[in-house]
Amino acid sequence: MEDQYDQTQVSLKLLNTATRKKETLQPIQGNHVRMYTCGPTVYDYAHIGNFRTYVFEDLLRRTIKFLGFEITQVMNITDVDDKTIKGAINKDVSLEEYVKPYKDAFFEDLDSLHIERAEKYPAATEYVQEMVDMIQDLMNKGFAYQGADKSIYFSIQKFPNYGCLSHLKLDELKTGASERVASDEYDKDNVADFVLWKAYDEDRDGKIYWDSPYGKGRPGWHLECSAMAMKMLGETIDIHCGGVDNMFPHHENEIAQSEACSGKKFSNMWLHSEHLIVDGKKMSKSLGNFYTLRSLLEKGYTGKQVRYLLLQTHYKTQLNFTLEGLEAAKHSLQRLDDFVLRMLNINTGSDTGEVGSILSQAIKSFAVSLADDLNISPALAAIYDMIREVNILCDDGKVGINDAQRVIDVMKKFDSIIDVISFEKVSEHVPNEVQQALERRIEARKNKDWAAADQLRDFIHDQGFVIEDTPSGAVVKKAGV
Ligand code: AMP
Ligand code: ZN
């Protein structure tokens, strides 16, 4: 059929931070892309700034698959660093106990945001031996040394390519370039050297340490990613991603350690997404200008609405977060859902086949736009143009049941990437906030929180709905229908 445009013939071009050029993705192993994405430090709940990066990586992952590749994606979970250790000590629990709720919350949030699961989520504490082995290798090859404080450092002077990603020169590097560097400062030969193994300090680390040939301690943050990426994906990978703040020093250090060990290029492509900002400043825990996904769900927004907000701006453009922006995302989703509903409800109109050329044009434009460094705006515009044209045909009675099914199939194809559309007929009368209020009321009743349950019932009534008990549980129906 005409609407079967073959998007796997389109080549995927991505902006490689290392070369500052758009390059065609050509996996090292046939059709199989191996991608490493820096994951969360699970010392607290992630904020939606973090999730902007993960949503970008999800868009990349899905586009890679849409264009006919296979993928193995690895995302690390940093479960040991200064913050997790401090948290565990303050609460007087083990590191594992301390990080568990945040780790669980992270996966719940991924699901709420419809972020597809990576193939592997290695936790740093499970790969300490691999990290120790890597340090040994770096020591043997003369790239690492033990400082006066017993910590092991990487000597960046020994790695002439240092700065190749961020295009910095060695003599421009200063101490305190980031919080992470600052917290890793010890007695080292050169201020810009970074820690590979952080020597144990009883006052700071309590009982949390690992044994190694260099004494008790724990691995440095940068080393975690190198060791796990190489262990799981091989010495040279196709794509490595993260937020733009990860580029220096984190990714620069990853390159230095990995390439010093293997003597090979660490990653063929580097992709960095721009930040989610609030009033011109990066959304971050330290500035306190952050929203967690949970806080937005509590306000009645859905994961899909937040996903759409994070998705709709190109990853290389900063995205200014506002609640008005989220409201606009909500309305855009309503438009998509309303259109699908119109297609699902078609029972008059003739099958003229006129939708065919509209659909194939839309798929082509969608695929070509995404293949151009994930150019999301024209990709979304292709969907809205298609909706407008199909609506006109519909108004003229030129879309029958079969045509409508073809339109729905194409919308599902788009949704395999954007994953925000509802294809359920039931969504026709029940807005998301009412459905959510119902679910929260069921929960409140379970917990015998009658006051909250009554409040939620009143909210549902105010929205023009009533609650009905059915054999399969409580449902909401439009009042007076
Ligand atoms: P962290 O837990 O701080 O290591 O951050 C995890 C991921 O979130 C990294 O890839 C960061 O680059 C990214 N990130 C942190 N803050 C923001 C933000 N405001 N906007 C976009 N990405 C962010
Ligand atoms: Zn990393």
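What to know about the coordination of the zinc ion (ligand 2)
With distances of 2.0 to 2.8 Å, the protein atoms coordinating the zinc ion (ligand 2) are Cys-38 (SG), Cys-225 (SG), His-250 (NE2) and Glu-254 (OE). Taken in sequence order, the residues that donate to the zinc ion (ligand 2) follow the motif C-x186-C-x24-H-x3-E. A residue pair is termed long-range when its members are at least 10 positions apart, and Cys-38 in the loop between strand S3 (32–37) and helix H1 (48–66) and Glu-254 in helix H8 (residues 247–262) qualify at 216 residues.

So, the packing of helix H7 (residues 221–233) against H8
Running from N to C, H7 and H8 point in directions that differ by 50°, and their axes come no closer than 9 Å. When the interaxial angle is binned, H7 and H8 end up oblique. Crossing handedness for the pair H7 and H8: right-handed. The residues of H8 that touch H7, namely those facing Trp-221, His-222, Leu-223, Cys-225, Ser-226 and Met-230, are Pro-249, His-250, Asn-253, Glu-254, Gln-257, Ser-258 and Cys-261.

Looking at the packing of aromatic side chains
By the definition in use, this model includes 17 aromatic pairs. On the basis of an interplanar angle of 15° and a centroid distance of 4.5 Å, the ring pair of Phe-56 and Tyr-315 is categorised as stacked. With Phe-56 in helix H1 and Tyr-315 in the loop between helix H10 (303–311) and strand S13 (319–320), this pair connects stretches of sequence that are 259 residues apart. With a relative accessible area of 4%, Tyr-315 lands in the buried category. Taken together, a centroid distance of 5.8 Å and an interplanar angle of 90° make the contact between Phe-66 and Phe-366 edge-to-face. Taken together, the residues Phe-66 in helix H1 and Phe-366 in helix H12 (residues 355–371) connect sequence positions 300 residues apart. Neither Phe-66 nor Phe-366 differs from the other in exposure class; each is buried. Counting every residue linked through ring pairs, the aromatic cluster contains Phe-51, Tyr-54, Phe-106, Phe-107 and Tyr-121. It is Lys-216 that lies over the ring of Tyr-209; its NZ or CZ is 4.5 Å from the centre. Here Lys-412 stacks its cationic end above the ring of Phe-423, 5.4 Å away from the centre of that ring.

Conventions we followed
- Residues numbered from 1 in each chain as written.
- Chains lettered and ligands numbered in written order.
- Predicted model: local features only at pLDDT ≥ 70, side-chain atom pairs only at ≥ 80, totals over all residues.
- Heavy atoms only, no water.
- Donors = N, O, S within 2.8 Å, 3.2 Å for Na, K, Ca; no water.
- Helix = DSSP H or I, 4+ residues; strand = E, 2+ residues; numbered from the N terminus.
- Axes fitted to C-alpha atoms, helices over the stretch in contact; angles between N-to-C directions.
- Parallel < 35°, antiparallel > 145°, perpendicular 65-115°, else oblique.
- Left-handed = near helix turned anticlockwise from the far one by under 90°.
- Contact = heavy atoms within 4.5 Å.
- Phe/Tyr/Trp six-rings, centres within 6.5 Å; stacked < 30°, edge-to-face > 60°.
- Buried < 20%, exposed > 50% of the residue type's maximum accessible area, 1.4 Å probe, protein only.
- Lys NZ or Arg CZ within 6 Å of the ring centre and 35° of its normal.

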